[in-house]
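Topology and contacts: notes
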Amino acid sequence: MLISSPYQATILLVEDYPAGMLVSTMMIEHLGYAVETADCGLEAIEKVRVATRPFMAILMDVNLQDMNGLETTKIIRSLEQEKGFSNTIIAVTAHALAGDRERCLEAGMNDYISKPIHPDILAQKLAALATTMCAA
C-alpha cells in the first residue's frame, strides 16, 4: 500500500553502498516521496549547490568513502548561508555508539537514524518534517 505524502517533496539520499541506495530509494518512494541520489559527498555538495530550493530532507550516510558525511554536512551548511535556505540533514549510520549522535549534531546535522533503516522510523521522521513544512 502506497502512503501518500501531503505534497510532492524530494529527498536527497547520500549513500555510497549500491544495495543500501537501492533499498533506501525503494523505501522512500514507497512512502510517496521523490528521491534524488548521490553516491558520494562531492556529488551531494554539487546537488545542493545547484538547487533552487531546499530538499525536504537529506539522508546523509555518515561513513562515505570520498569525504565522510560530517565533512560533507559542514560544506553544505556553508553553501546554504550563501543560498539563503537550509536543508534538514538526517545522519544515517550503522554506528550506534555513545557520542555518535552528538558528533552528528555538532557537525550541523538535524537528526540521526541508525542502520538498518526501519521503515516505520523513517516514515515518522519524514511525516514530522512534512507536517512542519506545511504549517510554515
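This section reports on the structure supplied with the text. Each residue is numbered by its place in its chain's sequence as written, counting from 1. In keeping with the predicted nature of the model, local features appear solely for residues at pLDDT of at least 70, side-chain atom pairs appear and are counted solely at 80 or more, and the whole-chain, interface and lining totals rest on all residues. Calculation of side-chain values draws on the structure's entire complement of heavy atoms; hydrogens and water are dropped beforehand.

1. Re the nonpolar core
Only buried residues count toward a nonpolar core. Its members are Ala, Val, Leu, Ile, Met, Phe, Trp, Tyr and Cys residues joined through side-chain atoms within 4.5 Å. Burial here depends on accessible area, computed with a 1.4 Å probe over protein chains only, as a share of the maximum for the residue type. Under 20% is buried, over 50% is exposed, and the range in between is partly exposed. Counting residues in each nonpolar core, the largest one holds 23 residues, and the members touching the most others are Leu12, Val14, Ile58, Met60 and Met109. Residue assignment for this core shows that the elements contributing at least two residues are β1 (10-14), α2 (41-50), β3 (57-61), α3 (69-83) and β4 (89-93). Contacts between residues were defined by any pair of non-hydrogen atoms, one from each residue, lying within 4.5 Å. Excluding its chain neighbours within four sequence positions, the residues that come into contact with Val14 are Ala38, Cys40, Ala44, Ile58, Leu59, Met60, Asp61 and Leu64. Within the second largest apolar cluster, 20 residues are counted, among which are Ala9, Leu31, Tyr33 and Ile117. Put simply, DSSP marks the helices as runs of H or I at least four residues long and the strands as runs of E at least two long, and each gets a number from the N terminus on.

2. Considerations on the sheet that holds strand β5 (residues 111-114)
As a general point, the strands of a sheet are linked pairwise by backbone hydrogen bonds and lie either parallel or antiparallel. Strand order in this open sheet of five strands is β2-β1-β3-β4-β5, and the pairing throughout is parallel. Each edge of the sheet is formed by a strand with only one pairing partner; in this case those strands are β2 (34-38) and β5. Going across the sheet, the axis of each strand differs from the next one's by a mean of 20°, ignoring polarity. When DSSP finds two or more bridges between two strands, those strands count as paired. Where β3 lies against β4, four bridges are found, and the strand directions are parallel. Bridging from a neighbouring strand, Ile58 pairs with Ile89 of β4. Helix axes are fitted only over the stretch in contact, all axes being lines through C-alpha atoms; the angle between N-to-C directions runs from 0 to 180 degrees. Packed on one face of the sheet, helix α1 (residues 18-30) meets β1, β2 and β3 and runs near 160° to β2. On top of the sheet, α2 reaches β1, β2 and β3; it is set at about 130° to β2, its chief contact.

So, to be careful, I would describe these as geometric facts and stop short of saying anything about function.
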